[in-house]
Number of protein chains: 2
Amino acid sequence: MVASVQMSTLGLARAPLLADLSQDRLNDLAGRCTWRRFEPGQAIVSRNATGGEVHLIVDGRVRIHVYAADGREVLFTHVQEGGIVGDFAAVDGGPRTTDAHASSRVLSASLRAPDFRTLLREEPRVEERYVRYLLGLVRSLTDRVIELSTLGVQNRIRSEVLRLARGTSNGSNSAQIMPAPRHADLAAQVGTTREQVTRELSSLARQGLLEKDGSGMLVTDLRRLEELACGSGGRA
Amino acid sequence: MVASVQMSTLGLARAPLLADLSQDRLNDLAGRCTWRRFEPGQAIVSRNATGGEVHLIVDGRVRIHVYAADGREVLFTHVQEGGIVGDFAAVDGGPRTTDAHASSRVLSASLRAPDFRTLLREEPRVEERYVRYLLGLVRSLTDRVIELSTLGVQNRIRSEVLRLARGTSNGSNSAQIMPAPRHADLAAQVGTTREQVTRELSSLARQGLLEKDGSGMLVTDLRRLEELACGSGGRA
């Protein structure tokens, strides 16, 4: 589906990576984009595929994940409106690192790999933001390797809940996570089973640390949860 | 220790990140570097410290790793001559992600953070190489998260031996890893104990897949090892 250049320009201008670009550059990019729609569950990119486009997510939500040979899912993140999908292969020409599936209806403005590389080369502020985005990925993946290598499954679940809570915290000692994370997603994020997540969250609720709060989850005592996450909880 | 600008320029010119820079730029960089020596075991950067320098490793070998609260080591990589250490914090101003210790006597040319950021901004080819280097890190950390989340400890050990062997393979079905990896390093790389590594390598040797070869390790059948690494081997 190809939209008018004007519509496309408005969609692109909202992406943080493209902030402050000149109107000329935005118009040029818009003319190079192909607008694509994906239905929920549809593949946007596939692990180990080569080449291809960078998708700028204009609307909807994309699940970045991998299924292992045994069917176990490893969840990396959800990319929201304004984020990008498929950039690694476009920049270095290597294979796709993960699968990406639409979690909702998705509208993307898709750029061919050479056009994305030209954008980085010709717009220093975009490249600088892209470097910071890659550094953010390296930092969070490094922390995840450390947690997977050294923490037991209980403490990995506690650490992940803590991270989600801190992302929404207003500085007080409690935080509401909205919507509440799905148990299967937490499991795919920390490398365990859904059953183990359900067991640990029930245990935290019995200790008064978690409460159901409409469609959200209230963490009542962030400091106590942090103490627990750093403390005992055997490897599994 | 401060060396002459001429010595410093020669050291810098050998770093892949700085390949093809003009003599003027190399001279300017050399004038901004402080040469530092580190003794084996000495800390070069420390996890969670802030600010600071980027170390260009001119001679020696640096261990990039973290010790968890329980004393367990997580090993990320060894940086060799020509590589850089401490760049993440210099570029985005965040805390250090890992510890870095000298594994041998190390000589570094150290740049202040603002000078490293200026280099990236003013030398597009350096920034392009830096982006590819970060993408390489993102790719290998992603694979490591997938392995830690989905493979049992036996298969993680087999996969790591396979990766080391492939790095030295000449295209045939056997490969010599030189020097043989230390069991403690393999353990710190795949998130297990030294004892478990010793047990699994002995088992592979009994199956005729590994042979001691002077100070190296000979992998006799890469295809068979790959089949094993993808096959059974319970999670631990």
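For the structure itself, consult the block above.
The rules behind these values
Residues numbered from 1 in each chain as written. Chains lettered and ligands numbered in written order. Predicted model: local features only at pLDDT ≥ 70, side-chain atom pairs only at ≥ 80, totals over all residues. Heavy atoms only, no water. Pairing = 2+ DSSP bridges. Helix = DSSP H or I, 4+ residues; strand = E, 2+ residues; numbered from the N terminus. Axes fitted to C-alpha atoms, helices over the stretch in contact; angles between N-to-C directions. Contact = heavy atoms within 4.5 Å. Least-squares fit on C-alpha atoms with pLDDT ≥ 70 in both. Buried area = accessible area lost by both parts, 1.4 Å probe. Salt bridge = Lys/Arg side-chain N within 4 Å of Asp/Glu carboxyl O. Polar contact = N/O pair within 3.5 Å; in protein donor to acceptor, adjacent residues only side chain to side chain.

Topic: the sheet that holds strand S9 (residues 175-177) of chain B
Residues and elements named next belong to chain B.
For step 1, the next point in the chain: One open sheet holds the three strands; their spatial order is S9-S11-S10, and the pairing between them is antiparallel. The sheet is open, and its two edges are formed by S9 and strand S10 (210-213), each paired on a single side. Shown here is a sheet whose adjacent strand axes are inclined to one another by a mean of 30°, direction ignored.
For step 2, the next point in the chain: Where S10 meets strand S11 (residues 216-219), four bridges bridge the pair, whose relative direction is antiparallel. Counted as the bridge partner of Lys212 is Met217 from S11.
For step 3, the next point in the chain: Here helix H6 (residues 153-168) sits on the sheet in contact with S9, S10 and S11, set at roughly 105° to S9.

Examining the relation of the copies chain B and chain A
For step 1, the next point in the chain: With an RMSD of 0.1 Å, the fit of chain B onto chain A corresponds to turning through 180° and sliding 0.0 Å along the axis. Expressed as an axis order, the relation between the two copies is that of a two-fold axis.
For step 2, the next point in the chain: When the interface residues of chain B are mapped onto chain A, 100% of them are again interface residues, pointing to one common binding face.

So, the interface of chain B and chain A
For step 1, the next point in the chain: Taken together, the contact pairs 38 residues of chain B with 38 residues of chain A.
For step 2, the next point in the chain: When the two sides are added together, the surface that chain B and chain A hide from each other amounts to roughly 3600 Å², 67% of it contributed by carbon and sulfur.
For step 3, the next point in the chain: If you sort the residues of chain B by the area they bury against chain A, Leu135, Arg139 and Val145 of chain B come out on top, with a joint share of 17%.
For step 4, the next point in the chain: In this structure, the connection of chain B to chain A is made through four salt bridges.
For step 5, the next point in the chain: Counting every contact that joins chain B to chain A gives five residue pairs in polar contact (both at pLDDT 80 or more).

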